[in-house]
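Descriptive analysis of the structure
Spelled out, the chains give:
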Amino acid sequence: RHVRVELLRPYPQVQGLVEDFAPTLRRRCVEMVAYLAMHRGEPVTGDRLRTRVLVHASVDASKTTLSNTASSVRRSLGSDEHGYLLEPVSSGLYHQRGVELDVADFHRLVARSRQSTSDEALDLYGQALRLVHGEPLASVLKGFEWFTFEGHRAQLQRDGEWVALALHDAALERGDVETAFWALRQGLLLDPESDELVDALQRVPRLRQFRGDGTGAAQDETVRPGRAVAMSWAFERFGR
């Protein structure tokens, strides 16, 4: 069983729960799990959760609210052979383990792509951008302010712009305008105000310039001798 937090979508989700969060605490539970997943390996104080995560309308959450939220999270995340995934509170510190996070996966894939050969990098670019299922947290009406003021959104936008332009450039070098276009659109979901991405999007050739199929003569060429990957793989693979 895998518990996974997904923030690269308009409304955050936690997958793999053993039972639903308490309905009256669901928003706070999702945010608490997300925050602890974002700070994996870093025990977080209860005061920090009350004043930064569970706060509402600039009013800090009470200790009772924190305790009730933590209890619901602990039940819903469940346990493994080592005990509860949200470990019992020790000295006022909250520690969560075994919870995956799509944002962390995204940054990890981007970091790996920077150190990879061109063929492997292409695959990693696509893997990273396929994790994006909409503008992150765009449908959240309250909460998650910490995602911005702790710098997580800025880091996401920085890596998002870089990987989108990297895949765009690599795709255009191979005549694959569809993948180039898709990469920029995915990047703009992460950073809608990126001038670099908007400018690049305006320069992507129209399909009529490539015989209407987006790849033209290049569609039957391989990426590199011996790899036997036709150019038609790109958009189908990255777009799924």
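Our subject is the structure that appears above.
Residues numbered from 1 in each chain as written. Predicted model: local features only at pLDDT ≥ 70, side-chain atom pairs only at ≥ 80, totals over all residues. Heavy atoms only, no water.

**What about the pattern of salt bridges?**
Tallied over the full model, the rule gives 16 salt bridges. The partner of arginine 27 in a salt bridge is glutamate 31, and the shortest N-O contact between them spans 3.2 Å. Separated by 4 residues within a single helix, arginine 27 and glutamate 31 lie in helix H1 (residues 26-38), roughly one turn from each other. Note on glutamate 31: relative accessible area 0%, which makes it buried. (Salt bridge = Lys/Arg side-chain N within 4 Å of Asp/Glu carboxyl O. Helix = DSSP H or I, 4+ residues; strand = E, 2+ residues; numbered from the N terminus. Buried < 20%, exposed > 50% of the residue type's maximum accessible area, 1.4 Å probe, protein only.)

**Quick notes on the packing of aromatic side chains**
Taken as a whole, this structure holds 4 aromatic pairs when the rule is applied. Where tyrosine 125 meets tryptophan 162, the ring centres are 5.9 Å apart and the plane angle is 75°; that geometry is what we call edge-to-face. Of this pair, tyrosine 125 sits in helix H5 (residues 118-130) while tryptophan 162 sits in helix H7 (residues 152-173), and the two are 37 residues apart along the sequence. Of the residues examined, tryptophan 162 reaches a relative accessible area of 30% and is grouped as partly exposed. Geometrically, the ring pair formed by tryptophan 146 and phenylalanine 147 is edge-to-face, given 6.0 Å between the ring centres and 80° between the ring planes. For the pair tryptophan 146 and phenylalanine 147, one class covers both residues: buried. Counting every residue linked through ring pairs, the aromatic cluster contains Tyr35, Phe144, Trp146 and Phe147. Residue placement shows arginine 114 over the ring face of tryptophan 162; its charged tip is 4.1 Å from the ring centre. (Phe/Tyr/Trp six-rings, centres within 6.5 Å; stacked < 30°, edge-to-face > 60°. Lys NZ or Arg CZ within 6 Å of the ring centre and 35° of its normal.)

**Some thoughts on the sheet that holds strand E7 (residues 99-101)**
Backbone hydrogen bonds are what pair the strands of a sheet, in a parallel or an antiparallel way. An order of E2-E1-E7 is seen for the 3 strands of this open sheet, with the pairing classed as mixed. What marks the edges here is a single partner per strand, and that holds for strand E2 (13-15) and E7. Taking each pair of neighbouring strands and ignoring which way they run, the sheet shows an average axis angle of 25°. For strand E1 (residues 3-6) and E2, the ladder comprises 3 bridges, and the chain directions are antiparallel. Across the sheet, arginine 4 pairs through a bridge with glutamine 15, a residue of E2. Sitting on the sheet, H1 is in contact with E1, E2 and E7, with an inclination near 80° to E7. (Pairing = 2+ DSSP bridges. Axes fitted to C-alpha atoms, helices over the stretch in contact; angles between N-to-C directions. Contact = heavy atoms within 4.5 Å.)

**A short note on the pairing of E1**
Two faces belong to every sheet, and in a regular strand the side chains alternate between them. On E1, burial covers both faces: Val3 and Val5 on one face and Arg4 and Glu6 on the other are all buried. Sheet analysis places E1 next to E7, joined by 3 bridges and oriented parallel. When the bridges of E7 are listed, valine 5 appears paired with leucine 101. Hairpin connection of E1 to E2: 6 residues between the antiparallel strands.

**Things to note about the nonpolar core**
Val5, Leu7, Met32, Leu49 and Phe106 are the most contacted members of the largest nonpolar core, which has 56 residues in total. Here the element with the most residues in this core is H1; it accounts for 9 residues. Beyond its immediate stretch of four places on either side in the chain, methionine 32 contacts Leu49, Val53, Leu54, Leu66, Thr69, Ala70, Val73, Leu86 and Tyr94. Counting residues in hydrophobic clusters, the runner-up holds 9 residues, among them Val177, Leu184, Leu197 and Leu201. (Core = buried A, V, L, I, M, F, W, Y, C linked by side-chain atoms within 4.5 Å.)

**Things to note about the packing of helix H4 (residues 102-114) against H7**
Relative to each other, H4 and H7 sit at 45°, their axes nearing to 10 Å. In terms of their interaxial angle, H4 and H7 are classed as oblique. Crossing geometry of H4 relative to H7 is assigned as left-handed. Side by side, H4 and H7 meet where Phe106, His107, Val110, Ser113 and Arg114 of the first sit next to Gln155, Leu156, Asp159, Gly160, Trp162 and Val163 of the second. (Parallel < 35°, antiparallel > 145°, perpendicular 65-115°, else oblique. Left-handed = near helix turned anticlockwise from the far one by under 90°.)

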